[in-house]
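Now for the letters of each chain:
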Amino acid sequence: QLQASGGGLVQAGGSLRLSCAASGRTFSSYVMGWFCQAPGKEREFVAGIWRSGGVTAYADSVKGRFTISRDNTENTVYLQMNSLKPEDTAVYYCAADLAGGVVPTTQNEYDYWGQGTEVTVSS
C-alpha cells in the first residue's frame, strides 16, 4: 500500500515536498516512481529512483527543479519540487515497480499506485 501526501497550493517559484509512505517489509526491493496527471491530460512520468537510490531518472520538464530521493529505513520516497510553475499543477501519484530491472518511465511498468496528492501552483 502506498500513501502519498504533501500536496497543496503554492505560488509560482515556490517549493513543495511530496512524500509517499509504503507498507511492507520489501520496500528496498522496489523501484519507485512519481507520475502526474493534469486535468484533461494523460498521466505522465515525473521521476523515478532505483532500489538503493543510486540511479534516478527525470522527465525533461522537471530536470534541475525536482529531486527524487528515498529512505529505505523509513519506507518512504520523496519528491522535492522547487521553482514550481503553474504548468506543474496536477495530481501527483507515487508508484512501485516490483520487477526492479531498470527505472521505468511508463506507467504500465509499475505495479502498485498510491491515491494521489494534488498540487496547485498559482501564477
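Calculation notes
Residues numbered from 1 in each chain as written. Predicted model: local features only at pLDDT ≥ 70, side-chain atom pairs only at ≥ 80, totals over all residues. Heavy atoms only, no water. Disulfide = S-S within 2.5 Å. Helix = DSSP H or I, 4+ residues; strand = E, 2+ residues; numbered from the N terminus. Buried < 20%, exposed > 50% of the residue type's maximum accessible area, 1.4 Å probe, protein only. Contact = heavy atoms within 4.5 Å. Polar contact = N/O pair within 3.5 Å; in protein donor to acceptor, adjacent residues only side chain to side chain. Salt bridge = Lys/Arg side-chain N within 4 Å of Asp/Glu carboxyl O.

Q: How should the state of the cysteines be read in this particular structure?
A: Each disulfide consists of one covalent bond between the sulfur atoms belonging to two cysteines. Under the counting rule described, the total for this entry stands at one disulfide. Bridging Cys20 to Cys94, the disulfide has an S-S length of 2.0 Å. Residues Cys20 and Cys94 share a disulfide whose torsion about the S-S bond is about 60°; that sign makes it right-handed. Note that Cys20 is positioned in strand S3 (residues 16-22) and Cys94 in strand S9 (residues 90-97), a separation of 74 residues in sequence.

Q: I tried to follow the environment of Tyr30 on my own but got confused; where do I start?
A: Looking at the element boundaries, Tyr30 is found in the loop between S3 and strand S4 (31-37). You can call Tyr30 buried: its relative accessible area is 16%. Excluding its chain neighbours within four sequence positions, the residues that come into contact with Tyr30 are Arg51, Arg70, Ala96, Asp97 and Leu98.

Q: Just to check I follow, could you spell out the environment of Arg70 for this structure?
A: Mapped onto the elements, Arg70 comes out in strand S7 (residues 66-71). Among the residues examined, Arg70 registers a relative accessible area of 13% and is labelled buried. It is 26 Å that separates the C-alpha atoms of Arg70 and Pro86, two residues lying 16 residues apart in sequence. Not counting residues within four places of it along the chain, the set of residues in contact with Arg70 comprises Phe27, Ser28, Tyr30, Val31, Met32, Ile49, Trp50, Arg51, Ser52, Gly53, Thr76 and Val77. A polar contact of 2.8 Å, which involves the side chain of Arg70, links it to the backbone oxygen of Tyr30. Here the side chain of Arg70 touches Trp50 through a polar contact of 2.9 Å, landing on its backbone oxygen.

Q: Honestly, the pattern of salt bridges in this entry has me stumped. Any pointers?
A: Think of it this way: side chains of opposite charge can pair up when their charged atoms draw near. All chains considered together, the criterion is met by two salt bridges. Across the salt bridge formed by Lys63 and Asp60, the nearest N and O atoms sit 3.1 Å from each other. A relative accessible area of 65% places Asp60 in the exposed class.

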